[in-house]
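Secondary and tertiary structure notes
Letter by letter, the chains look like this.
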Amino acid sequence: MSEIEVRPAKPSDYDAIKAVVDEWWGAPVQGGLTRLFLDHFHNTSFVVYAHGHLVAFLVGFLSQGQRDLAYIHYVGVAPTFRRSGVGRELYRRFFSLVHSAGRTRVAAITSPRNTRSIAFHTAMGFRVSEPIADYDGPGADRVYFDRLIDE
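This structure is a prediction, so every number in the text was calculated from the model and none was measured. (Residues numbered from 1 in each chain as written. Predicted model: local features only at pLDDT ≥ 70, side-chain atom pairs only at ≥ 80, totals over all residues. Heavy atoms only, no water.)

What follows is about the UniProt feature "domain: N-acetyltransferase" (unreviewed entry) in the protein. Residues annotated by UniProt as "domain: N-acetyltransferase" (unreviewed entry) correspond here to residues 4-150. The span residues 4-150 is 29% helix and 29% strand, and its two end C-alpha atoms sit 27 Å from each other. (UniProt positions renumbered as here; feature names shortened; annotations may be inferred. Helix = DSSP H or I, 4+ residues; strand = E, 2+ residues; numbered from the N terminus.)

Here we come to the sheet that holds strand β4 (residues 69-77). Reading across the sheet, the seven strands line up as β1-β2-β3-β4-β5-β7-β6 and stay open at both edges, with mixed pairing between neighbours. Only two strands of the sheet have a single neighbouring strand rather than two, namely β1 (4-8) and β6 (127-128). Each of β2 (46-50), β3 (53-62) and β4 touches helix α1 (residues 14-25); the most contacted strand, β3, lies at about 95° to it. (Pairing = 2+ DSSP bridges. Contact = heavy atoms within 4.5 Å. Axes fitted to C-alpha atoms, helices over the stretch in contact; angles between N-to-C directions.)

On to helix α3 (residues 86-100). For α3, spanning 15 residues, the distance from its first C-alpha to its last is 21 Å, which sits close to the expected 21 Å at 1.5 Å a residue. Taken from the residues just after α3, Gly102 is the one with a positive phi, measuring 90°. (Expected span 1.5 Å × (residues − 1).)

This brings us to the pairing of strand β5 (residues 105-110). In regular strands, side chains alternate between the two faces of the sheet. For β5, the tally of buried residues reaches five of six residues, placing the bulk of the element in the interior. Both β4 and β5 contribute to a ladder of three bridges, which runs parallel. Within β5, the residue paired with Ala70 across the bridge is Val106. In this region the chain leaves β4, passes through α3 and returns to the parallel neighbour β5; the handedness of that crossover is right-handed. The sheet contact formed by β5 and strand β7 (residues 143-148) spans six bridges and is antiparallel. Among the inter-strand pairings, Ala108 is bridged to a residue of β7, identified as Phe145. (Buried < 20%, exposed > 50% of the residue type's maximum accessible area, 1.4 Å probe, protein only. Right-handed = clockwise from strand over helix to strand, strands pointing away.)

Another aspect to go through is the packing of aromatic side chains. Throughout the structure, instances matching the rule amount to 12 aromatic pairs. A centroid spacing of 6.3 Å and a plane angle of 70° characterise the contact between Phe126 and Phe145, whose relative ring orientation is edge-to-face. Here Phe145 lies in strand β7 and Phe126 lies in the loop between α4 (115-123) and β6, a separation of 19 residues in the sequence. The exposure class of Phe126 is buried, given its relative accessible area of 5%. Grouping aromatic residues by their ring pairs yields a cluster made of Tyr91, Phe95, Phe120, Phe126 and Phe145. (Phe/Tyr/Trp six-rings, centres within 6.5 Å; stacked < 30°, edge-to-face > 60°.)

The subject of this paragraph is the nonpolar core. In this structure, Leu54, Phe57, Phe94, Phe95 and Val106 are the most contacted members of the largest nonpolar core, which totals 44 residues. Only α1, α2 (36-41), β2, β3, β4, α3, β5 and β7 provide two or more residues apiece to this core. A per-element tally of this core places β3 first, with seven residues. (Core = buried A, V, L, I, M, F, W, Y, C linked by side-chain atoms within 4.5 Å.)

Remark: the empty space left among the atoms is shown by a probe the size of a water molecule rolled over them. Taken as a whole, the largest pocket holds about 1,200 Å³ of empty space. Taken together, 34 residues line the largest pocket, and the ones lying closest to its centre are Trp25, Val75, Asn114, Arg116 and Ser117. Elements with a minimum of two residues in the lining of the largest pocket: α1, β4, α3, β5 and α4. Sort the elements by how many residues they give to the lining of the largest pocket and β4 lands first, with seven residues. Across the lining of the largest pocket, the residue classes break down as 17 nonpolar, 10 polar and seven charged. (1 Å grid on protein atoms, 1.4 Å probe; cavity = no way out; pocket = protein on both sides within 12 Å on 5 of 7 lines; lining within 4 Å. Points joined across faces, edges and corners; volume = space filled by probe spheres on them. Nonpolar A, V, L, I, M, F, W, Y, C, P; charged D, E, K, R; others polar.)

Printed below as a string of structure tokens:
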């Protein structure tokens, strides 16, 4: 693991993320992760590089509307690094960072069809809602994840 670097994201990481996100998801999702997220929230986001190549990232931020909440907007792990612990490490670092900023809850959403994400969040201790109809517009149902953090 000495060739793996986990670090806070920088705005310049955006192009590497954009280049892989659709492939890693197996669907066109890059439109939901625009450059502004790393321009404005890089200090609450993380990237993982192995041998100089991006292998995982987490883009999150502190909610401005709910002062106890932090939100995970996008997470991606290269297929060859799934089940390696990299995703858990990204979440652990995010929890620690946002807890030190006074946040006590972390939230995220996904499609009800994203069973991998639902299983991961359940294993990470998140409460998982029933699908919320039309959460992101007509036909765009979502599952809401919520977890207390106490680090």
